[in-house]
2 protein chains.
Amino acid sequence: MKGVEYEYFDEDLMNRPKSSLLLEYNPVHKKIPVLVHNGKPIAESLVILEYIDEIWNDRPVILLPQDPRDRAIARFWAKFMDDKCAPALWRSCRREGIERENAFEEACALLNVLEAELKDKQKRFFGGDTIGFVDIAGNFIGYWIGVIQEVAGVRLLTPEKFPLLCKWCCEFQNFPIIKENLPPREQLFAFFKARFERKRKTFSPAA
Amino acid sequence: MKGVEYEYFDEDLMNRPKSSLLLEYNPVHKKIPVLVHNGKPIAESLVILEYIDEIWNDRPVILLPQDPRDRAIARFWAKFMDDKCAPALWRSCRREGIERENAFEEACALLNVLEAELKDKQKRFFGGDTIGFVDIAGNFIGYWIGVIQEVAGVRLLTPEKFPLLCKWCCEFQNFPIIKENLPPREQLFAFFKARFERKRKTFSPAA
């Protein structure tokens, strides 16, 4: 979106131990994503996004709004999606029994908050007329959870329950630069199917 | 620190239901702190801090560094303290049995990361020579947990295990503007003692 050239390295999440590159560049969390710029690493998705926005602040696309209050609101919602929604959605597909039911309830309540926010805003994206910081932070809801739900056989984020949020997911996935850069659906589906089956066989703890 | 005038409202955390002011100003999380500026609310501690830093950016004290990379590093550590350390420390004092033991182990591992960071940096504060964004984000470790540990009878953050971190806690608490604005230790102690005892009596879920 910023027009910044980059080289992309895949981390094979199915294999242990983790790559030496990941351990070197993100020794604290040992998690992707990591951005390496001028040889130095930045970790944590939202921290990376803000860094990109600040370093390449001369590009036509700016992710965070300019006004301090609008910036604070964007950070609030990005954090809400990242800290609250994504973990609850993940648990609703991965846990079993009562834990799954509780996570399902919790995720529904959280998504209702986002549904209400889209209704209040009456805009195409959380960022307004185009994709911004909040929409990118919400990519797990915008794309990934659809695939994960299907693998797990969970019906949570559906157009009947969340019409505006599902409309947003559709717009997000079809936004040209997003569409060109998301991993193909079949590839994601196969990845999660293999991962979920592996877990079922080995009883290893959830990620 | 910024020299901004403000009016402080206490939220009585022992009483339910929560105040109508809190429910109005932070309907999503229903949690403190909330900053109300020009009649409009901002919620979430770290979001509030960045907002204050951006709105009053003409004051002598600036909380976040100016360089984008230094800003990203500060955001990384603030998030680490807020999302990882504080919840694990809290659980290590509040849960019982094996859950407490696990939280204790986890909290030790996290605090070791902070201890190593202070050692590497060889500076007085996480922000460098003076208190910055990361130090303020770490106030739960810098002040609160000492009191909570004592109430719970837990010995986790001690000078034997974490000499540099404890030195930082001491410097943090004695930094003039911080010292003047922290709630008195006896008041905090009484608050947590009452809260912990109330929980023991009623078996209400932990906050």
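Residues numbered from 1 in each chain as written. Chains lettered and ligands numbered in written order. Predicted model: local features only at pLDDT ≥ 70, side-chain atom pairs only at ≥ 80, totals over all residues. Heavy atoms only, no water.

Counting secondary structure elements, chain A contains nine helices and two strands. Counting helices and strands in the order they occur from the N terminus, chain A gives α-β-β-α-α-α-α-α-α-α-α. Rg of the C-alpha trace for chain A: 18 Å, near the compact-globule value of 17 Å for 207 residues, within the 12% margin. C-alpha extents for chain A along the principal axes are approximately 50 × 45 × 30 Å. In chain A, which comprises 207 residues, the proportion classed as buried is 43%. The contacts of chain A with a sequence gap of at least 6 include a subset with a gap of at least 24, amounting to 63%. Surface exposure of chain A reaches about 11,600 Å², of which carbon and sulfur atoms provide 54%. Computed over 31 positive and 31 negative side-chain charges, the separation of the two mean positions in chain A equals 4 Å. (Helix = DSSP H or I, 4+ residues; strand = E, 2+ residues; numbered from the N terminus. Rg over C-alpha atoms; globule rule 2.2 N^0.38 Å. Buried < 20%, exposed > 50% of the residue type's maximum accessible area, 1.4 Å probe, protein only. Contact = heavy atoms within 4.5 Å. Areas by Shrake-Rupley, 256 points an atom, 1.4 Å probe, with all protein chains shown as cover. Lys, Arg positive; Asp, Glu negative; His and termini not counted. Charge placed at Lys NZ, Arg CZ, Asp CG, Glu CD.)

This part is about the UniProt feature "domain: GST N-terminal" (unreviewed entry) in chain A. Here the UniProt feature "domain: GST N-terminal" (unreviewed entry) sits at residues 1–60 of chain A. Regarding residues 1–60 of chain A, the helix share stands at 28% and the strand share at 13%, and the terminal C-alpha atoms are separated by 9 Å. (UniProt positions renumbered as here; feature names shortened; annotations may be inferred.)

After a rotation of 180° and a shift along the axis of 0.0 Å, chain B superposes on chain A with an RMSD of 0.0 Å. Both copies of the chain, as the preceding transformation shows, are related through a two-fold rotation axis. Within chain B, B:Asp83 has its C-alpha nearest the rotation axis, a separation of 4.3 Å. The fraction of interface residues of chain B whose copies in chain A are also interface residues reaches 96%, indicating that both copies meet through the same surface. (Least-squares fit on C-alpha atoms with pLDDT ≥ 70 in both.)

It is worth spelling out the packing of aromatic side chains at this point. Tallying each qualifying case throughout the model produces 20 aromatic pairs over all chains. Between B:Phe125 and B:Phe175 the ring centres are 5.6 Å apart and the planes differ by 85°, which places this aromatic pair in the edge-to-face class. Taken together, the residues span a long stretch of sequence, with B:Phe125 in the loop between helix H4 (97–121) and helix H5 (133–137) and B:Phe175 in the loop between helix H7 (163–174) and helix H8 (176–181) at a distance of 50 residues. Across the pair, exposure class does not vary: B:Phe125 and B:Phe175 are buried alike. Ring geometry for B:Phe191 and B:Phe192: centres 5.0 Å apart, planes at 75°, overall edge-to-face. Connected via pairs of aromatic rings, a cluster forms that spans A:Trp90, A:Trp144, A:Phe191, A:Phe192 and A:Phe196. When the ring centre of A:Phe196 is taken as reference, the NZ or CZ atom of A:Arg94 above it lies at 3.6 Å. (Phe/Tyr/Trp six-rings, centres within 6.5 Å; stacked < 30°, edge-to-face > 60°. Lys NZ or Arg CZ within 6 Å of the ring centre and 35° of its normal.)

With that settled, the discussion passes to the pairing of strand E2 (residues 40–43) of chain B. All names here are of chain B. In this structure, strand E1 (residues 34–37) lies alongside E2, joined through four bridges in antiparallel fashion. By the bridge assignment for E2, Val 36 is matched with Pro 41. With antiparallel pairing between neighbouring strands as the criterion, E1 and E2 make up a hairpin whose turn holds two residues, including Asn 38 at a positive phi of roughly 50°. (Pairing = 2+ DSSP bridges.)

All names here are of chain A. Residue position: Ile 98 is located in helix H4 (residues 97–121). Residue classification places Ile 98 among the exposed residues on the basis of a relative accessible area of 57%. Remark: the alpha-carbon pair of Ile 98 and Tyr 25, spanning 73 residues in sequence, is separated by 38 Å.

Further remarks concern the interface of chain B and chain A. Each partner contributes residues to the interface: chain B has 27 residues there, and chain A has 26 residues. Interface area for chain B against chain A, summed over the two sides, is near 2,400 Å², with a carbon-plus-sulfur share of 65%. On the surface where chain B and chain A come into contact, there are eight salt bridges. Across the salt bridge formed by B:Arg71 and A:Glu54, the nearest N and O atoms sit 2.9 Å from each other. (Buried area = accessible area lost by both parts, 1.4 Å probe. Salt bridge = Lys/Arg side-chain N within 4 Å of Asp/Glu carboxyl O.)

With that settled, the discussion passes to the side chain of A:Gln149. Residue and element names in this part refer to chain A. Tracing the backbone through its elements, the reader meets Gln 149 in helix H6 (residues 139–152). Only 2.9 Å separates the side chain of Gln 149 from the backbone nitrogen of Leu 156, close enough to count as a polar contact. One polar contact links the side chain of Gln 149 to the main-chain amide nitrogen of Leu 157, over a distance of 2.6 Å. With near-sequence residues (within four places) excluded, Gln 149 lies in contact with Cys 93, Val 154, Arg 155, Leu 156 and Leu 157. (Polar contact = N/O pair within 3.5 Å; in protein donor to acceptor, adjacent residues only side chain to side chain.)

All names here are of chain A. The contact between helix H3 (residues 68–94) and H4 brings their axes to 8 Å, and the two run at 145°. Between H3 and H4 the crossing geometry is left-handed. In this structure, H3 uses Trp 77, Phe 80, Met 81, Lys 84, Cys 85, Ala 88, Leu 89, Arg 91, Ser 92, Cys 93 and Arg 94 to contact H4, whose residues at the interface are Arg 100, Ala 103, Phe 104, Glu 106, Ala 107, Leu 110, Leu 111, Val 113, Leu 114 and Glu 117. (Axes fitted to C-alpha atoms, helices over the stretch in contact; angles between N-to-C directions. Left-handed = near helix turned anticlockwise from the far one by under 90°.)

Residues and elements named next belong to chain A. Domain parsing of chain A yields domain 1 (1–63) and domain 2 (68–202). One C-alpha centre belongs to domain 1, the other to domain 2, and the line joining them spans 21 Å. Facing eight residues of domain 1, the contacting portion of domain 2 comprises 15 residues. Taken over both partners, the interface formed by domain 1 and domain 2 buries close to 1,200 Å², and the fraction arising from carbon and sulfur atoms is 69%. It is Met 1, Met 14 and Leu 46 that lose the most area in domain 1 upon contact with domain 2, and together they represent 53% of the buried surface on that side. On the surface where domain 1 and domain 2 come into contact, there are one salt bridge. Between Arg 75 and Glu 50 there is a salt bridge, and its shortest N-O distance comes to 2.8 Å. A breakdown of the residues in the side of domain 1 that touches domain 2 according to their chemical character gives seven nonpolar, no polar and one charged. (Domains from an automatic or database assignment. Nonpolar A, V, L, I, M, F, W, Y, C, P; charged D, E, K, R; others polar.)

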